[in-house]
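# Geometric and topological summary
Here are the chains, one letter per residue:
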Amino acid sequence: MSIKTRKYRDIHSLSPLMNIVFNVVAALFALICLFPFAFVVILSFTDEKSLALHGYRLIPEKWSTYAYEYLFQNGSQLLQSYVVTITVTVVGTLISVLVIALYAYGISRSSFKYRSFFSFLALFTMLFNGGLVPTFIVVTQVLHLKDTIWALILPMAMNAFYIMIMRTFFKGLPDGIIESAKIDGATEFQIFRKIVLPLSLPGLATIGLFCTLGYWNDWFNALLYIDNPNLVPLQSMLMRIESSMAFILQNANTNGLGSVAASLPQETSRMAMVVLATGPIVLAYPFFQRFFVQGLTVGSLKE
Amino acid sequence: MQAILQIFKDFHKNLPILLMVLPGALGFILFSYLPMGGTLLSFKQYRYNGEGFLSSFFSSEWVGLRNFTFLFGTNDAYIITRNTLLYNIAFIVLGTIAAVAMAILLSEIVNKRLSKLYQTGMFLPHFMSFVIVGFFVYSFLNMDKGLLNSILERFGMEGISWYTTPEYWPFILILTNLWKSIGYSSVVYLAAITGFDRSLYEAAMMDGASKWKQIRSITLPLLKPLVIIMTLLAVGRIFYADFGLFYNVPRNSGALYPVTNVIDTYVFRGLKTTGEMGMATAAGLYQSIVGFILVMASNYTVRKLDKDNALF
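Residues numbered from 1 in each chain as written. Chains lettered and ligands numbered in written order. Predicted model: local features only at pLDDT ≥ 70, side-chain atom pairs only at ≥ 80, totals over all residues.

### Things to note about the overall build of chain A
In terms of regular secondary structure, chain A is built from 17 helices and zero strands. Considering chain A as a whole, with its 303 residues, one finds that 38% of them fall into the buried category. For chain A, long-range pairs separated by at least 24 residues make up 72% of all intrachain contacts whose partners lie at least 6 apart in sequence. (Helix = DSSP H or I, 4+ residues; strand = E, 2+ residues; numbered from the N terminus. Buried ≥ 20, exposed ≤ 12 C-beta atoms within 10 Å, placed from the backbone. Contact = placed C-beta atoms within 7 Å.)

### Overview of the domain arrangement of chain B
Interface size is commonly expressed as the accessible surface area that is lost when the partners come together. Residue and element names in this part refer to chain B. Here the domain parsing of chain B yields domain 1 (2-62) and domain 2 (80-309). Each of domain 1 and domain 2 was reduced to a C-alpha centroid, and the two centroids are 36 Å apart. Contacts between domain 1 and domain 2 engage five residues on the former and six residues on the latter. Each residue belonging to the side of domain 1 that touches domain 2 can be placed in one class, and the counts come to two nonpolar, three polar and no charged. (Domains from an automatic or database assignment. Nonpolar A, V, L, I, M, F, W, Y, C, P; charged D, E, K, R; others polar.)

### What to know about the domain arrangement of chain A
Residues and elements named next belong to chain A. By the assigned domains, chain A splits into domain 1 (2-74 + 240-299) and domain 2 (76-225). Facing eleven residues of domain 1, the contacting portion of domain 2 comprises twelve residues. The element contributing the most residues to the side of domain 1 that touches domain 2 is helix 17 (residues 266-299), with nine residues. Taken together, the residues of the side of domain 1 that touches domain 2 sort by class into seven nonpolar, four polar and no charged.

### Details of the interface of chain B and chain A
At the interface, 77 residues of chain B touch 85 residues of chain A. It is helix 1 (residues 2-38) of chain B that contributes the most residues to the side of chain B that touches chain A, 19 residues altogether. The class makeup of the residues in the side of chain B that touches chain A is 51 nonpolar, 20 polar and six charged.

### Points about the environment of B:F72
All names here are of chain B. Among the secondary structure elements, F72 is positioned in helix 3 (residues 66-73). Overall, the presence of 17 C-beta atoms within 10 Å leaves F72 in the partly exposed class. Sequence separation between F72 and P225 is 153 residues; the distance between their C-alpha atoms is 38 Å.

This is the structure we're talking about:
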């Protein structure tokens, strides 16, 4: 028996040589994908002086944790940005998932009379949009969200594509459960909360992760709507880092802290900030990758 | 009377679910449909008069198609359209080939655990924002300290001022985009390959077909419909560029605009920096309309081929 299965495997797999070639190619590309991140980590642990002298090196002349020490001591802006990003991510994901799930559930119910109207309302936003300038004007001049935390949350809250994913998911739930709950006298909201949601956790997790990643990585809304430094999220802070570095330097000079300016680890602390902004994702993504793959393959379905 | 009563009855009966879709519908109306109405601005010389949007809207002067004639009268319209289309075509063609090849590679690797591990590695770039990717690229291309220039110098060549030399950027942007997207897009193809009927391969084995032959005459033909559909869906989005790629990766360098300016960055700069609101709105509407036609056309074609994969 064991011989038979062995043989079975052998004829079906690549020749050993080709297997090695395929492995090398795939491993190489995977390394290329990981390399820039590793490189930035190395740079962030490089001594500022040796970096200035020798440029970015794969193996630095001298290692140092000074960039991180500096950031932790002087990084109130960094901390503030962390708070903004975490707030936006948590609140935004909760709002998005709830609103999307409710909407998708509504249009998944065949007994809902206005189903096709609301399906169209969502779908059409995938086909046509007003463009950047009208959106900007609506958000700033009609809704007056400029320089509020809501400008980072609400424009991203609805997403027709996620609604389609969730609708597909809800449609897969057995109709009988909902019907029998109805007969037992449950209201629509009770059915949604006590039966539909618990059965849909995998689907909710998938779009929840999509939303989390979207909010964590968003910088575009901040670029458009945020000027107040207290509301700048991490990603956006990294974009503004050039000017914020100049600002710190200037501050240090006017406060007579010339020595601080001199010891400001410009290059390495920039890289350290990149590491701190991406660290949580890099550590977590191998665990939630599965859900993304799921969402990706479900997402291509409809009805 | 009967009919009106029926409407009320329907409304009452559907009320709980109507309440459920209400918050989402409100979101769509505020953030999608109001801006759609706002495209009328492209026919106006919009000036904010400080008394709210509606008042400003009505007090602004109608200029008909002047914004559009201005836009298409400049060289800009041609350049941003060309850049958007050519880059997207390159992304679609090269991206599809690379993703399919990688999916086949991953599916054939004997040790499935290693294959999963490679996949996890390739997936990482997808989780990085273009701000971060911009820093990654910068660590290579930085003029004085970047890795690439120090390699060039080691070989006795002169360092290149990458961020002011437009010639290289089509390649840099295409490579960056491929690097970021291959891992993610190959997943779709890999999932399809995993689902193929193994007995086809067994039959081919019996007939003595080599692995290459199997890939060529079983895997690829079976993948073809999916490849066509994914390509058509991408073609539907060909008028939209990834703003982050074209804004953050070249670090918004003015010297590179001729090869990095796409419709999306043009509209953004019109709004935020150059202040050419009228032209920016016109360019935005031009993008939305052509984009709409393309999505409809590609969806129509997809639906003809395979109803299940159409958007609607």
